[in-house]
Amino acid sequence: MTINQGVDLQVKWRQRADRTVCKHPRMELEWDEQGYLTGDYVCILCGESVAQRYLAV
Ligand SMILES: [Zn+2]
């Protein structure tokens with residue numbers, strides 16, 4: 001997903017009534033607006049960007 005889509009997800013996530021901690025069960029590669037991979041992943045639930053190096057652990 002793109003960076004902007006991630007930002008939209010973050011807004012929606014913060015508006016949820018049940019504020020649970022997201023465990024980021026599913027991630028997608030993040031693309032910038034020019035169509036290049038940023039090297040990070042974005043959670044498809046909460047839109048949080050997670051650097052790839054943290055997933056390698
Ligand atoms: Zn998440």
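This report concerns the structure included in the present document. (Residues numbered from 1 in each chain as written. Predicted model: local features only at pLDDT ≥ 70, side-chain atom pairs only at ≥ 80, totals over all residues.)

**Some thoughts on the overall build of the protein**
And step 1. A tally of regular secondary structure across the protein gives two helices and three strands.
And step 2. Once the C-alpha set of the protein is aligned to its principal axes, its extents read approximately 35 × 30 × 10 Å.
And step 3. Classification of the 57 residues of the protein by burial places 11% in the buried group.
And step 4. Contacts spanning at least 24 positions in sequence make up 43% of the contacts within the protein whose residues lie at least 6 apart. (Helix = DSSP H or I, 4+ residues; strand = E, 2+ residues; numbered from the N terminus. Buried ≥ 20, exposed ≤ 12 C-beta atoms within 10 Å, placed from the backbone. Contact = placed C-beta atoms within 7 Å.)

**Quick look at the pairing of strand β1 (residues 27-31)**
And step 1. The pairing of β1 with strand β2 (residues 37-43) spans four bridges and is antiparallel. Bridge assignment links methionine 27 to a residue of β2, and that residue is cysteine 43.
And step 2. Between β1 and the antiparallel strand that follows it, β2, lie five residues; glycine 35 among them carries a positive phi value of about 90 degrees. (Pairing = 2+ DSSP bridges.)

**As for the environment of asparagine 4**
And step 1. Turning to its location among the elements, asparagine 4 is positioned in helix α1 (residues 3-15).
And step 2. With 11 C-beta atoms packed within 10 Å, asparagine 4 lands in the exposed category.

**Comments concerning unusual backbone geometry**
A negative phi holds for most residues other than glycine; trans holds for most peptide bonds.
And step 1. At histidine 24, a residue that is not glycine, the phi angle is positive and equals roughly 50 degrees.
And step 2. Among the structural elements, histidine 24 can be located in the loop between α1 and β1.
And step 3. Take histidine 24: there are 16 C-beta atoms within 10 Å of it, and that puts it in the partly exposed class.

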